[in-house]
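Report on the structure
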Amino acid sequence: MFGLISEIPTRGQLAEEAFERFVATQPANAVHSRELKVVFVAFLLDPQCRLLLEEGKFAELRARDASLYGALSRLAPQEGGALIDYLQSHVSLESFAQVA
């Protein structure tokens, strides 16, 4: 009614919407959609994992989050690189920081 938002989206919901935009606009291997989503959401919602991904500190990432490391290791190197490039250039991290 009158264009009012009935509820404020959570960070998780915003990450889900951003991932859906990624899948809709980027060539992504459907076989790895689960792994892409795990890395995508962790990059957006976990600052420490984001830093480890950006710096390529994969041994530390494995120690911190084995599931995330496993998802990343199942991606082809060009898939993981393209995903991180997309996140850095097309997704505003500030919008996630402002939401509870």
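Structure: see above.
Anyway, here's the lowdown on the structure attached to this text.

Scoring rules and cut-offs
Residues numbered from 1 in each chain as written. Predicted model: local features only at pLDDT ≥ 70, side-chain atom pairs only at ≥ 80, totals over all residues. Heavy atoms only, no water. Axes fitted to C-alpha atoms, helices over the stretch in contact; angles between N-to-C directions. Helix = DSSP H or I, 4+ residues; strand = E, 2+ residues; numbered from the N terminus. Parallel < 35°, antiparallel > 145°, perpendicular 65-115°, else oblique. Left-handed = near helix turned anticlockwise from the far one by under 90°. Contact = heavy atoms within 4.5 Å. Nonpolar A, V, L, I, M, F, W, Y, C, P; charged D, E, K, R; others polar. Expected span 1.5 Å × (residues − 1). Buried < 20%, exposed > 50% of the residue type's maximum accessible area, 1.4 Å probe, protein only. Lys, Arg positive; Asp, Glu negative; His and termini not counted. Salt bridge = Lys/Arg side-chain N within 4 Å of Asp/Glu carboxyl O. 1 Å grid on protein atoms, 1.4 Å probe; cavity = no way out; pocket = protein on both sides within 12 Å on 5 of 7 lines; lining within 4 Å. Points joined across faces, edges and corners; volume = space filled by probe spheres on them.

As for the packing of helix H2 (residues 33-45) against helix H3 (residues 47-55)
Closest axis-to-axis distance for the H2/H3 pair is 6 Å, and the angle between their directions is 115 degrees. Taken together, the axis directions place H2 and H3 in an arrangement best described as roughly perpendicular. Crossing handedness for the pair H2 and H3: left-handed. Where H2 approaches H3, its residues Val-39, Ala-42, Phe-43, Leu-44 and Leu-45 are matched on the opposing element by Pro-47, Cys-49, Arg-50, Leu-53 and Glu-54. Split into classes, the residues belonging to the contact of H2 with H3 amount to 8 nonpolar, no polar and 2 charged.

Structural notes on H2
End to end, H2 covers 18 Å across 13 residues, agreeing with the expected 18 Å (1.5 Å per residue, within 8%). Taken together, the buried positions of H2 are Glu-35, Leu-36, Val-39, Phe-40, Ala-42, Phe-43 and Leu-44.

Quick word on the side chain of Glu-79
On the secondary structure map, Glu-79 appears in helix H6 (residues 77-90). No salt bridge is formed by the buried Glu-79; the nearest opposite charge belongs to Arg-74, separated by 10 Å. Residue contacts for Glu-79: discarding those within four places in its chain leaves Asn-29 and His-32.

Description of the layout of surface pockets
Take a probe with the size of a water molecule and roll it over the atoms, and the empty space left behind shows itself. Looking at the largest pocket, its volume works out to about 180 Å³. Only helix H5 (66-73) and H6 provide two or more residues apiece to the lining of the largest pocket. Considering each element in turn, the lining of the largest pocket owes the most residues, 4 residues, to H6.

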